[in-house]
Structures are given as C-alpha cells and as structure tokens.
Amino acid sequence: MTVARSVAHRRWHVKVNEAASHGPPYPVDMPVTPKSNFGADFWEEPAENLPAGGKNRRIYDFFGPSQIARFGFRSLKRSDATLITQFKDAMIGVKHHRYALHPDMQRIGIPKPRTWYKNHLNFRRIFVAASLMKISNIGHFTQHDLDELMKLLAVKGTGRREVSIHIDYLLRLSKHGLLTNVTEMHPLELVFEPKVWDTTRARGAQPLTDEQIQVTLEASIIYIDNVKEIARSIEWLRKGICTEAQVKAWAKQRLPCKVDIGGSMVTALLLLVQVSAANLIGHHLGTRPSETLSMKAGCVTTAHDETALDVSRMTIAMQTFKAIRQIGGDTRYLSVSAYIKTAIDAVELVMSSAGAVSDYLFSHPAKDEEFNDNEWNRRFSRFCHLHRFNFNYTATSWRKSLISIMMSAFDNPIAEVAALAYHKSEHTTAGYAQSSPFVMNEYNEGYTRILRGRYHTLFESTAALGGPGIGGPQGIEIEKRLPELFPTDLTELDLKMTIDEYIDDLLEQGVTPMLVRPGVLCVKGANSPGYCSRATGDTIPDPSRCSSLCQYQVQLPEAKEMLQWELEHLTDKIESRKLSLLQRDFWVRDILDRVSAWPGLRPLLDEALNANETLKLWFAEK
C-alpha cells in the first residue's frame, strides 16, 4: 500500500469519526465507507483494503442470510426496521466509538476491514435470531431472551464465545446511548466457557509428511517442465484448432493425472499449472495463501531495475496484511532462486494463452480479481483428486510444512522460523507449533536446545571453567559453587558429561535461563519471587523490571564489554541532544544498576565522572 493511500484512508476514518461523533440517529446520507452511505441496504469496502483471497468479504449485507440451527438460513425483513437501524448503529459503534468497548485502552487503533466483517457476521446472527424470537427492539432484550437466543443459535465453544462478546458490545454501546431507541439494555449475565486447548489434537491445516511432499512436488515439476505444450494446447482450444477430446488424449499420455479430466480442459490445465507453481512457491518460501494470491505478472524482478536479469539477485514481490497495522497491508520482497522464476513464468505463459484480463497470476482468466480463499483451496482439493492422492491439503499446508522442517534444522529454530515466516512476534511461531502435535514436539525440542545452549554459554564463560568470568548476584554465587561441583581433575569429556547432567537437573526443576537483554539472563525458579515480584506481586518473571540487585540475575562477558564501551563514551551520550530529560534520567539509573553487577568497572565510572562536571551532577543526584 502506498503512503498516499494509507494517509487517505486515515483521513477518511477521521472524517467518518467526526460525522458519527454525536451518536444516533445517524443521517441516511452519512458516508460509512468510501462507496456507501448509512441508509444503504449493504455497505461496500474498497477491494484494495482487503488482502488477496479475502475480497469477497468486502460487502456488509444487512439483509444477508445467517444460519440459525433448526431454522436453516434466515434473514432480516423490511418490517424489522428498528432492528436493522440498531444493527447499523452497532456497526458504527464498534468502529468509530471504540472507547465505549475498551474504556481502559489509551490508544485505540482502527479495526481492519476483515475484523469489521467478522463483527458484521456476529451481529447479523444475533439480530436475525432476535427477529425470529419476535423481538422488535434490542433494548427490550432480557436474561430470559438471552438464554432462549443461545438455545436457538445452538452454538458451542468458540462460536458461543463470539456471540457472547458481541452481546457484551451491545450492552456497552447501549450504556453510552449509541443504539437508536435504547436508553440502556437490561443487565445480562454472560457465561464465557473456558477455552481449553487439547495440544495433542491436530487443528487446522497440518504439515505434509516427507512422502506427501515428494509425490506432490514430483507431479508439480512435470507440469512446469511441460508448460509450453500445455500453453499451446490452451491456445489451440481457444482458437478451435483442436478439440477437447484431442487435448484429453494428449494429457492422458503426457501428464501425470490419474483420473479422466472432466469439464473444461482450459480450466483444468490452468488449474494444474497454477497449483503446481503454488506448490513450489509454498515449499521454497512458505508464503501465506494471501501473499501467493497477491502475486502479479512481472512480480519477479532484479535489484536496481537492471536491464539484464541477474539470477543471483532476483526478488519476488507480494502483498502482506498479517500483523501490519496500516490498512491495505505492505509489500514484501523475498530473494528467490531461478526455479521459482521458472514457475512464475509458467503461470504467466498459460494465463496469457488463456486470454487473461487480470494481472493476477492466480485468478480465473475471465475475472479481474484473484481467487478467494475458498476457491483457491478447492483447486488444491481437485489437484489431489486428479492425481489420486490418498491425502488432501490446503494452501496453508506448505507454510506449516516449511515451519516443521525449519524447527528441526536450526539450533535456534524459533528466531529463525519467525524471521523466515515473517512473524512479527515469536508468540505467533509458538501458535503454529501448538496447531500440530508433530510440530509441537519439534518446537519443544528446539526450545530445549536454546535453553541448553544458554546454559553451556553461561558455564563456559565462568572463570572457574577457564572463561573470562560472569557477573550479577547469581553469577557471583555460581562462580563460588562451580569449583565444588566440577573438580579440576576431570577430563574434558567427563566435564562435558557432568555439565550436561547438571543442566538436565536444572531443566527438570523448571529453572530456565530467560534472556532479559543481550548478555543478561534470569535463572529464577518457576515459583521463586524475584526483584520484579516486588512490583507485580506474583512469581511470573517480568524482564522490564529486571535489576542487577536481583539475586537471580546473571550477566555474561558480552554484557560487561557493552557496559565498558558505554562507560568510555559517557560524555558523548550525556551531551547528545537526541535524549530528552526523561531518557537521560532512565539512562543514568540503568548505568548505575549495571555497574553494581560488575564492581570492577566502578573505577572506570568514577574516572569519567571526575573528568566531566555535567556527568557528575547527573550521577550525583541518584
């Protein structure tokens, strides 16, 4: 998304905020999206504001169908005028009056279109159910009505939780007078069922096994290698040079399909090449389905727009929306191999032969938009059917498969996978691991390798075992105890085995080395209160409140080297105009705190203070 478009969207949001600030009733001509007014039967979001594959979710239809258990699909009627107005009020409320829903949040962001669409679906289900219960005004909703509504919807688990959350939204909006003809709804008791995950059960798309990856890629490579003949067949079919029967006979001999291709051969041949290219892209890059669907003709380029295509410097462009705050997402670039370029060229060739009207590579040739998520996954299912695979997979399976492979390939897999998969947080990587018991095992093994690595670095850095020495209260204690634990007459092999056994004991006791900052570890036990517990009142470690005064802190030599460098450049730092008074105050306290972990560096600090009066004044106040 361009900066201009991002700014334009924010200005639009502010404009609607101003128009809706007085609350209901809202004028029918009040703009609610760049394409719709409040009084319209449906609101439409600009397609460019949604990720690839999700553009079919840009219509907010107030008379659309909702599935109501034993009634099947039902909709609101024109006679439900009050409910429809309140439904629209609720939609404006969750987007433009978010303070009513989240009074404790200091900074409230703009909800993305897909989030607003989910709000729409949940509200529609509630209002359609209320209409079936002969409720003409949501303000008359009682506890009995709520119980009946839950029975009517027959939702459980996550579905029940979502409905309960949106009932709570209606309560909060009514309390602020943001629903037409509602002073304040009756108090309702909402029961949120606890959400307990069974980590042994597979959820969602699962990674492919080695055998499944092999048979899928073998078939995909054949289609890419024979793309010129496939493209020629598509072109001849369109021009009437050959018949469908002739192309089917050719495909039966040359292509790896094991099932007779039914329907249009042009559509089938396009599907085979598109899915094959997506298989190769997913296997090599682990892209999200929306990122693959966003790829357009000419998406593979060379750095600096060089005339000659340098294979070693090729990148592929795609649009990513996940974890991106701005509406419209952001362009992501990945380095690619020559074979990915070949796969992209193959799709461009068959789309051109089919007379495609869109630049999107993964789209129907007669449509100007890419496939939506459901259409795209159906093509993967048909690919499996045509090759008689005894398994099925979706567009997300390749991403899970790559993450599974990466988990077992790196010593520090969590950070590596987070970087490769473009995760904004390592918590997201952990979430992927929890969706599959197989990936979960690899994740746990990878995390254990990280902890073992930290412990080995810690022990090998101690002066007792020949290292430069460690600092911090717990570091000093470890230096004292190690000579007792590891006698000096041990051979190098025996010493390594003894350290490994000691690390095993520590991990079994739940003592894990948490990285607080570069070179600083917390080795607090799971139930031991640390320095941070003074503020939080619990035993959960809080790195933001960590201090060198804590008995569980260990500082490695790299922390000492960094501190020594900072002490040598104190004058430059204090004279910098980039620091505010609060930043300088925080920096001074941080330096003093870290020096307490390394008493040997105190003379270096004193020397710097004696040489500069400004420094002395700042540090003397602490």
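Residues numbered from 1 in each chain as written. Predicted model: local features only at pLDDT ≥ 70, side-chain atom pairs only at ≥ 80, totals over all residues. Heavy atoms only, no water.

### Topic: the overall build of the chain
Phase 1: Across its full length, the chain carries 24 helices and 12 strands.
Phase 2: Relative to its full complement of 622 residues, the chain shows a buried share of 47%.
Phase 3: For the chain, the exposed surface amounts to about 31,900 Å²; the carbon and sulfur share of it is 51%. (Helix = DSSP H or I, 4+ residues; strand = E, 2+ residues; numbered from the N terminus. Buried < 20%, exposed > 50% of the residue type's maximum accessible area, 1.4 Å probe, protein only. Areas by Shrake-Rupley, 256 points an atom, 1.4 Å probe, with all protein chains shown as cover.)

### Notes on the side chain of Gln274
Phase 1: By secondary structure assignment, the location of Gln274 is in helix H9 (residues 265-285).
Phase 2: Residue classification places Gln274 among the buried residues on the basis of a relative accessible area of 1%.
Phase 3: Polar contacts involving the side chain of Gln274 include one to the main-chain carbonyl oxygen of Leu361, which spans 3.1 Å. (Polar contact = N/O pair within 3.5 Å; in protein donor to acceptor, adjacent residues only side chain to side chain.)

### Describing empty space enclosed by the protein
Phase 1: Taken as a whole, this structure holds 3 cavities of 30 Å³ or more when the rule is applied.
Phase 2: A volume near 70 Å³ is recorded for the largest cavity.
Phase 3: Together, Met514, Val516, Cys522, Cys532, Pro541, Asp542, Pro543, Cys546 and Cys550 line the largest cavity.
Phase 4: Of the residues contributing to the lining of the largest cavity, the split by class is 8 nonpolar, no polar and 1 charged.
Phase 5: Taken as a whole, the second largest cavity spans an internal volume of roughly 60 Å³.
Phase 6: What lines the second largest cavity is simply Ala278, Gly282, Thr287, Thr292, Trp376, Phe380, Ala395, Trp398 and Arg399.
Phase 7: Going through the elements one at a time, H9, helix H12 (373-386) and helix H13 (397-409) are the ones with two or more residues in the lining of the second largest cavity.
Phase 8: Partitioned by chemical class, the residues of the lining of the second largest cavity number 5 nonpolar, 3 polar and 1 charged. (1 Å grid on protein atoms, 1.4 Å probe; cavity = no way out; pocket = protein on both sides within 12 Å on 5 of 7 lines; lining within 4 Å. Points joined across faces, edges and corners; volume = space filled by probe spheres on them. Nonpolar A, V, L, I, M, F, W, Y, C, P; charged D, E, K, R; others polar.)

### Regarding the pattern of salt bridges
Phase 1: As enumerated under the stated definition, the model contains 16 salt bridges in all.
Phase 2: A salt bridge links Lys35 to Glu44; its shortest N-O distance comes to 3.7 Å.
Phase 3: Residue class for Lys35 comes out exposed when judged on its relative accessible area of 52%.
Phase 4: Glu148 is the partner of Lys151 in a salt bridge, and the nearest nitrogen-oxygen pair spans 3.9 Å. With Lys151 and Glu148 both in helix H4 (residues 143-153), this residue pair falls 3 residues apart, about one helical turn.
Phase 5: The exposure class of Glu148 is partly exposed, given its relative accessible area of 30%.
Phase 6: Connected via shared salt-bridge partners are Lys35, Glu44, Arg58 and Glu369. (Salt bridge = Lys/Arg side-chain N within 4 Å of Asp/Glu carboxyl O.)

### A short note on the confidence of the model for the chain
When pLDDT is low, close inspection of the predicted coordinates is not appropriate.
Phase 1: Summary statistics for the chain give a mean pLDDT of 80 and a share of 80% for residues scoring 70 or more.
Phase 2: Considering only residues more than four positions removed or in separate chains, one finds that residues 304-309, a stretch of pLDDT under 50, has 7 contacts. (pLDDT = per-residue confidence, 0-100. Contact = heavy atoms within 4.5 Å.)

### As for the environment of Ser79
Phase 1: With respect to the element layout, Ser79 can be found in the loop between strand S6 (72-74) and helix H2 (81-96).
Phase 2: Residue class for Ser79 comes out exposed when judged on its relative accessible area of 64%.
Phase 3: Note: C-alpha distance between Ser79 and Ser131 (52 residues apart in sequence) is 9.7 Å.

### Points about the packing of aromatic side chains
Two descriptors summarise a pair of aromatic rings, namely the distance from one centre to the other and the angle between the planes of the rings.
Phase 1: Under the criterion given, the structure shown has 18 aromatic pairs.
Phase 2: The interplanar angle of 15° and the centroid separation of 5.9 Å between the aromatic rings of Phe371 and Trp376 together place this pair among those described as stacked. In terms of burial, Phe371 and Trp376 fall into one category: buried.
Phase 3: A ring pair is formed by Phe391 and Tyr393, whose centres lie 6.3 Å apart and whose planes are at 35°; its orientation type is tilted. Of the two residues, Phe391 and Tyr393, neither departs from the other in class, the shared state being buried.
Phase 4: Among the aromatic residues, ring-to-ring pairing joins Tyr223, Phe362, Phe371, Trp376, Phe380, Phe383, Phe389, Phe391, Tyr393 and Trp398 into one connected group.
Phase 5: Across the ring face of Trp116, the terminal group of Lys95 is positioned such that the distance to the ring centre comes to 4.1 Å. (Phe/Tyr/Trp six-rings, centres within 6.5 Å; stacked < 30°, edge-to-face > 60°. Lys NZ or Arg CZ within 6 Å of the ring centre and 35° of its normal.)

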